[in-house]
Amino acid sequence: MKRTYLELVPGLEVTNSEISALFGCANQGGMRRSLKTNTLVLISDKTKLYQDREKDGVFYYTVMGKLGDQGLTFQQNKTLAKSNENNVSVHLFVAYKKRIYTYRGQYELINEPLQEHQLDEEKNNRFVWVLPLRKRLNDIDKSSYTYGQSQKLGNHDSWDLHHNVAVKTADQSTFEYGETVIPKRIRPFFKSTNLKEGEEKEITLIYQEYIFSAKVQASGSPRHRLRWEKRFTLLINEYANRVQGEVKIYFIYDDEETYKVILSRKDIMDTVHTDVIAEELEQYGARTEGRITSYYGKKYERDPINRELAIQIHGVTCAACNFNFEQKYCERGRDFIEIHHIKPLSSLGGSTEINPKEDLVPLCANCHRMVHRRKDHVLTMEELKEILQKEN
């Protein structure tokens, strides 16, 4: 089972390669952004150039830039300075030993950046930016459940069902107790209709590449309970704290014991995505992923789920040219990407099961249009990359 950064506890010592694997970030640099986990890893190395310090519970972190005056409008300096707005979770490591990094926890920006004098790499005096950070409350502490505290749905039914997808709107029991009630109408989805009082059924939840154990437990009432391990509760709370809004948990039926999971702050079942283009559908034929419904031309029932799964697997950076909308357009470009079917939809024929890992790939709008520009020659990914290499 792959480890995640959610398992880190303050005081734990890790290596550089472990940081990279846990967060999905680069293996070098003092400020490492990961779009995959939406995190920013800060490394404070006491043996290096910057004069970081800690006083009265506040950690004063010096941003990137080894020569000359520093700025706050580029790369990860901007990410950290805007971290209270862009919902990136900030995690701090301090190198007390050579090549060993001690995890300090998740931090947040508490005041405006400070400008002060420090020496640069060539021993010249220059202006640097120092950002005051304070440790966030431990995720395990219920008082830190930013969203869980304010969201009180009570005991009413907070489930929706869409064919092979069950959607749970997270409530207090989800955040605090790691469980949720399964109403009678949802029981067939989890294949628990025949469970007798006191019986339970073990299932597996898969979120991205992470695997969590869970149980469906039968009680004496028409409702059953779905309970999962603590790591999944921490993941839900971390996501809620990051997005600061309503959280929906999408359970996607794989088999009777396995369910893929998507966490989203939006209703992806009713979302119209820009990559589902009426003109393209008319030109290349109807998609075959599921039942066709009328919606600005044609909309295909499983497109939103496949899109979200593809993004979880591949991320939101263009697989051809490495363009990332958030890096270019900041918050407005967050989570935006078009999803391309590697096999032309018109060639599939009949009803076809789409594998988001093998059949879908994220492309920026420019690359996506170039792939489909000629109806008689839809480019393969290899052909597209070859064109880009020649251009470069």
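Residues numbered from 1 in each chain as written. Predicted model: local features only at pLDDT ≥ 70, side-chain atom pairs only at ≥ 80, totals over all residues. Heavy atoms only, no water.

Within an unreviewed UniProt entry, the label attached to the protein reads HNH endonuclease, and the organism entered is Shouchella hunanensis.

Trainee: In this structure, what is going on with the overall build of the protein? I would like to understand it.
Mentor: The helix and strand tally for the protein stands at twelve helices and 21 strands. The burial tally for the protein puts 48% of its 392 residues in the buried class. Partitioning the intrachain contacts of the protein with sequence separation of at least 6 by distance along the chain shows that 58% fall at a separation of at least 24. When the accessible area of the protein is evaluated, it comes to approximately 20200 Å², of which 48% is carbon and sulfur surface. (Helix = DSSP H or I, 4+ residues; strand = E, 2+ residues; numbered from the N terminus. Buried < 20%, exposed > 50% of the residue type's maximum accessible area, 1.4 Å probe, protein only. Contact = heavy atoms within 4.5 Å. Areas by Shrake-Rupley, 256 points an atom, 1.4 Å probe, with all protein chains shown as cover.)

Trainee: Would you mind going over the pattern of salt bridges with me for this structure?
Mentor: Overall, the coordinates contain 13 salt bridges when judged by the stated rule. Ionic pairing is found between R227 and E179, a salt bridge with its closest N-O pair at 2.7 Å. Here R227 is found in strand β15 (residues 224–228), whereas its partner E179 is found in strand β12 (residues 179–182), with 48 residues between them in sequence. Given a relative accessible area of 36%, R227 falls into the partly exposed group. For K248, the salt bridge is made with E246, and the minimal N-O distance between the two is 3.6 Å. Taking relative accessible area as the criterion, K248 reaches 12% and is therefore assigned buried. Take E246: its relative accessible area is 37%, and that puts it in the partly exposed class. Beyond isolated ion pairs, a larger network of salt bridges with shared partners links E179, R225 and R227. (Salt bridge = Lys/Arg side-chain N within 4 Å of Asp/Glu carboxyl O.)

Trainee: What's the story with a negative patch on the surface in this structure? I'm lost.
Mentor: Together, E202, D255, E256 and E257 make up a negatively charged patch on the protein surface. Mapped onto the elements of the fold, E257 is located in the loop between β16 (248–255) and β17 (258–264). (Patch = residues over 30% accessible without salt bridge, like charges linked within 9 Å, V, L, I, M, F, W, Y side chains within 5 Å. Lys, Arg positive; Asp, Glu negative; His and termini not counted. Charge placed at Lys NZ, Arg CZ, Asp CG, Glu CD.)

Trainee: What is the right way to read the packing of aromatic side chains from this model?
Mentor: The description of an aromatic ring pair uses the distance of the two centres, along with the angle that the planes make with each other. Under the counting rule described, the total for this entry stands at 16 aromatic pairs. On the numbers, 5.4 Å between centres and 90 degrees between planes, the contact of W228 with F232 is edge-to-face. Like W228, the residue F232 is buried in the burial classification. Between the aromatic rings of F325 and F336, the centroid separation amounts to 4.7 Å while the plane-to-plane angle is 80 degrees, which identifies the pairing as edge-to-face. (Phe/Tyr/Trp six-rings, centres within 6.5 Å; stacked < 30°, edge-to-face > 60°.)

Trainee: Looking at this model, I keep getting lost on the pairing of strand β20 (residues 338–341). Mind explaining?
Mentor: A regular strand places its side chains on the two faces of the sheet in alternate fashion. The side-chain alternation of β20 yields two buried faces, one formed by E338 and H340 and the other by I339 and H341. Relative to strand β21 (residues 360–363), β20 runs antiparallel, the two being bridged by four bridges. Within β21, the residue paired with I339 across the bridge is P362. (Pairing = 2+ DSSP bridges.)

Trainee: Please clarify how the sheet that holds β17 should be interpreted in this entry.
Mentor: What links the strands of a sheet is backbone hydrogen bonding, and the strands pair in either a parallel or an antiparallel sense. Pairing within the open sheet is mixed, and its eight strands lie in the order β10-β11-β16-β17-β13-β14-β15-β12. Taken across any chain shown, the strands that pair with only one partner, and hence form the sheet edges, are β10 (159–162) and β12. Averaged over neighbouring strand pairs, the angle between their axes works out to 25 degrees when direction is ignored. Relative to β17, β16 runs antiparallel, the two being bridged by seven bridges. When the bridges of β17 are listed, I249 appears paired with L263. Its contacts with the sheet place helix α6 (residues 230–243) against β13 (200–207), β14 (210–218), β15, β16 and β17, and it is angled at close to 25 degrees to β17. (Axes fitted to C-alpha atoms, helices over the stretch in contact; angles between N-to-C directions.)

Trainee: Looking at this structure, how should I read α6?
Mentor: Within an α-helix, residues lying three or four positions from one another point in the same direction, as the helix has 3.6 residues per turn. Between its first and last C-alpha atoms α6 spans 20 Å; for 14 residues at 1.5 Å apiece the expected length is 20 Å, and the two agree. Of all the 14 residues making up α6, 13 are buried; the element is thus mostly covered by neighbouring parts of the structure. Positive phi appears at Q244, one or two residues downstream of α6, with a value of about 55 degrees. (Expected span 1.5 Å × (residues − 1).)

Trainee: Is there a simple way to explain helix α1 (residues 16–23) in this structure?
Mentor: Among the residues of α1, I19, S20, L22 and F23 are the ones counted as buried. For α1, the secondary structure elements touched by its buried residues are β1 (13–14), β2 (31–34), β3 (39–45), β6 (89–97), β7 (100–109) and β14.

Trainee: Is there a simple way to explain the nonpolar core in this structure?
Mentor: Nonpolar side chains in soluble globular proteins generally cluster together in the buried interior. Core analysis: the biggest nonpolar cluster contains 45 residues, and I19, F23, F93, F190, L205, L226 and F251 have the highest contact counts within it. Here the element with the most residues in this core is α6; it accounts for six residues. Among residues more than four places away in sequence, those in contact with F190 are W159, I182, K201, I203, V216, L226, F251 and Y259. Grouped together as the second largest cluster of nonpolar side chains are 19 residues, C318, F325, L360 and M381 included. (Core = buried A, V, L, I, M, F, W, Y, C linked by side-chain atoms within 4.5 Å.)

Trainee: Hey, could you run me through the side chain of N237 in this one?
Mentor: Along the chain, the position of N237 falls in helix α6. In this structure N237 comes out as buried when scored by relative accessible area, which is 2%.

Trainee: What's the story with the side chain of R104 in this structure? I'm lost.
Mentor: Here R104 lies in strand β7. Look at R104 and you get buried, because its relative accessible area is 17%. Within the structure, R104 has its side chain in polar contact with the side chain of E54 (distance 2.8 Å). When near neighbours in sequence (up to four residues on either side) are disregarded, R104 contacts P10, E54, F59, L92, V94, Y96 and K135. (Polar contact = N/O pair within 3.5 Å; in protein donor to acceptor, adjacent residues only side chain to side chain.)

Trainee: Help me out: how do you make sense of the environment of L309 in this one?
Mentor: Checked against the element boundaries, L309 lands in helix α8 (residues 303–314). You can call L309 buried: its relative accessible area is 11%. It is 8.9 Å that separates the C-alpha atoms of L309 and K260, two residues lying 49 residues apart in sequence. Residues within four places of L309 in sequence aside, it is in contact with I252, K260, I262 and P356.

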